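Listed below are the residues making up each chain.
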Amino acid sequence: MNISELLLYDAKWWLAPKKSPMLSKDDLVSVLTSRDLKIGAAQIFIGCETLEFSYIVKKLELSFSNFNPTSIDSSNLFYSKKGNAIKKGSLYNANQREPYKKAEIDNIFNHL
């Protein structure tokens with residue numbers, strides 16, 4: 001199972017399916033691998049806390065060079081479950097605490 005399949009398989013808690021119901025594996029891969037996130041990418045609504053998403057971003061940065069808080073902020077493609085655009089400051093500030101679901105996130109990444 002590759003990273004995109006694993007993330008979508010376990011996406012039930014970090015993506016908001018009611019707001020991103022049509023997000024496909026290809027959409028997620030496109031966003032993660034895009035050199036310019038503003039070009040025709042799907043909007044992604046995050047279903048978990050910013051603390052968890054920040055930790056996921058930090059983990060994904062190791063594999064996807066252009067997927068980081070700055071590119072997320074400038075893309076205007078990522079929204080909280082309340083519908084607010086996710087900003088880099090929120091992601092950087094969240095990195096100062098340990099996420100509530102750290103063990104669950106680590107377990108997902110350990111299966112890669």
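One can find the structure itself at the top, above this paragraph.
Let me begin by describing the structure that accompanies this report.

Rules and cut-offs
Residues numbered from 1 in each chain as written. Predicted model: local features only at pLDDT ≥ 70, side-chain atom pairs only at ≥ 80, totals over all residues. Heavy atoms only, no water. Buried < 20%, exposed > 50% of the residue type's maximum accessible area, 1.4 Å probe, protein only. Helix = DSSP H or I, 4+ residues; strand = E, 2+ residues; numbered from the N terminus. Arc of directions from axis to C-beta. Core = buried A, V, L, I, M, F, W, Y, C linked by side-chain atoms within 4.5 Å. Salt bridge = Lys/Arg side-chain N within 4 Å of Asp/Glu carboxyl O.

Here's the deal with helix α6 (residues 102–110)
- Within α6, burial applies to Ile105, Asp106, Ile108 and Phe109. Buried residues in α6, looked at end-on, bunch into an arc of 155°, giving them a common side. Of the exposed residues in α6, those oriented more than 90 degrees away from the buried face are Ala103 and Asn110.

Notes on the nonpolar core
- Residues Phe53, Phe67, Ile72 and Phe78 are the most contacted members of the largest nonpolar core, which totals 22 residues.
- Secondary-structure elements contributing two or more residues to this core are α2 (25–33), α3 (50–60) and α6.

With respect to the pattern of salt bridges
- A full pass over the atoms with the stated rule returns three salt bridges.
- A salt bridge links aspartate 106 to lysine 59, with the nearest nitrogen and oxygen atoms 3.2 Å apart. Placement of aspartate 106 in helix α6 and of lysine 59 in helix α3 is noted, with a sequence separation of 47 residues between them.
- Classification of lysine 59 as partly exposed rests on a relative accessible area of 23%.
- Note that lysine 87 and aspartate 73 form a salt bridge whose closest N and O atoms lie 3.7 Å from each other. Of the two residues, lysine 87 is situated in the loop between β2 (78–79) and α5 (88–94) and aspartate 73 in helix α4 (residues 69–75); the sequence distance between them amounts to 14 residues.
- Accessibility expressed as a relative area gives 17% for aspartate 73, which makes it buried.
- The network of salt bridges with shared partners includes Lys59, Lys102 and Asp106.

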